[in-house]
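Listed here are the chains, written in short residue letters.
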Amino acid sequence: SVLAHGSTNAGDDYHHTAPYASATAQLWGGAQVKVASTVAVSPVNPYDFAALAQAAGANSDLEVKPNREWRNQATLSQNFDNGGSLSATVTQARIESTTELGLTPDGATAPMSISGGARRELDASFSLPLAGYGLADTTIASQATLRQSQVRDPVTGQMRRVSGEVPRQANVKLTHKDDAHHLEWGVTGNLGTTQNF
């Protein structure tokens, strides 16, 4: 339930069922594949709700709903004898509701829910102990994510990415554990590409 009180009062209630199903199979030594399907629901952002209530008024047909998508995922992971690991997850989602900036009937800009669109994501990670390379108690790990989505802009009608999506992200982390002194130290590098709202 969400309520906004101010120069305009507004409120709404939302109810969602979020089913989830998955299946996992063990493959060759240390490898595993998992497929899953679920409805992912994010709570209403109260600030977006209040902003729309203020801009559009209580009797507007526009609304801010929970972000909701039907998400299918497949994950392949592999564990190695030396303690290393590798995994990759592919996500395909059908967007049923997402919040974007649009125009009210009076021409004001405000957040509002739109439906339709799709999202795809590839997430890969690996971890490798470096003891075999002469660096005892040292590990290198990395993670990268590629995202691509399409929704119809509520103002221009053109297809574009979901607002706030980061198309590419990656990081690499090198750590060393000093068990004798109960210390862990290292260095991390991060990369993130342009994020547009």
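Small disclaimer: the values here were computed from a predicted structure and weren't measured. (Residues numbered from 1 in each chain as written. Predicted model: local features only at pLDDT ≥ 70, side-chain atom pairs only at ≥ 80, totals over all residues. Heavy atoms only, no water.)

Asker: Describe the overall build of the protein chain, naming the residues involved and giving the relevant values.
Answerer: Helix and strand counts for the protein chain come out as one helix and twelve strands. In the protein chain, the succession of α and β elements from N to C terminus is β-β-β-β-α-β-β-β-β-β-β-β-β. Its C-alpha atoms give the protein chain a radius of gyration of 22 Å, more than 25% over the compact-globule value 16 Å for 197 residues. With the C-alpha coordinates of the protein chain rotated into their principal frame, the extents come out at 70 × 40 × 30 Å. Relative to its full complement of 197 residues, the protein chain shows a buried share of 26%. (Helix = DSSP H or I, 4+ residues; strand = E, 2+ residues; numbered from the N terminus. Rg over C-alpha atoms; globule rule 2.2 N^0.38 Å. Buried < 20%, exposed > 50% of the residue type's maximum accessible area, 1.4 Å probe, protein only.)

Asker: Which residues make up unusual backbone geometry, and what are the values?
Answerer: Of all residues except glycine, most have a negative phi; of all peptide bonds, most are trans. Even without being a glycine, Asp137 presents a positive backbone phi close to 60°. Note on placement: Asp137 falls in the loop between strand S8 (118-129) and strand S9 (138-152). Look at Asp137 and you get partly exposed, because its relative accessible area is 48%. Within the chain, His182 stands out as a residue other than glycine whose phi angle is a positive 55°. Inspection of the secondary structure assignment puts His182 in the loop between strand S11 (168-178) and strand S12 (183-192).

Asker: Tell me about the side chain of Thr38, residues and numbers included.
Answerer: Along the chain, Thr38 falls in strand S4 (residues 31-42). Within the structure, Thr38 has its side chain in polar contact with the backbone oxygen of Pro19 (distance 3.0 Å). Setting aside its immediate chain neighbours within four residues, Thr38 contacts Pro19, Tyr20, Glu69, Trp70 and Arg71. (Polar contact = N/O pair within 3.5 Å; in protein donor to acceptor, adjacent residues only side chain to side chain. Contact = heavy atoms within 4.5 Å.)

Asker: Explain the side chain of Thr138 residue by residue, including any values.
Answerer: Examined against the element boundaries, Thr138 turns out to sit in strand S9. Look at Thr138 and you get buried, because its relative accessible area is 11%. Contacts of Thr138, omitting those with residues within four sequence positions, involve Leu128, Pro129, Leu130, Ala131, Leu174, Thr175 and His176.

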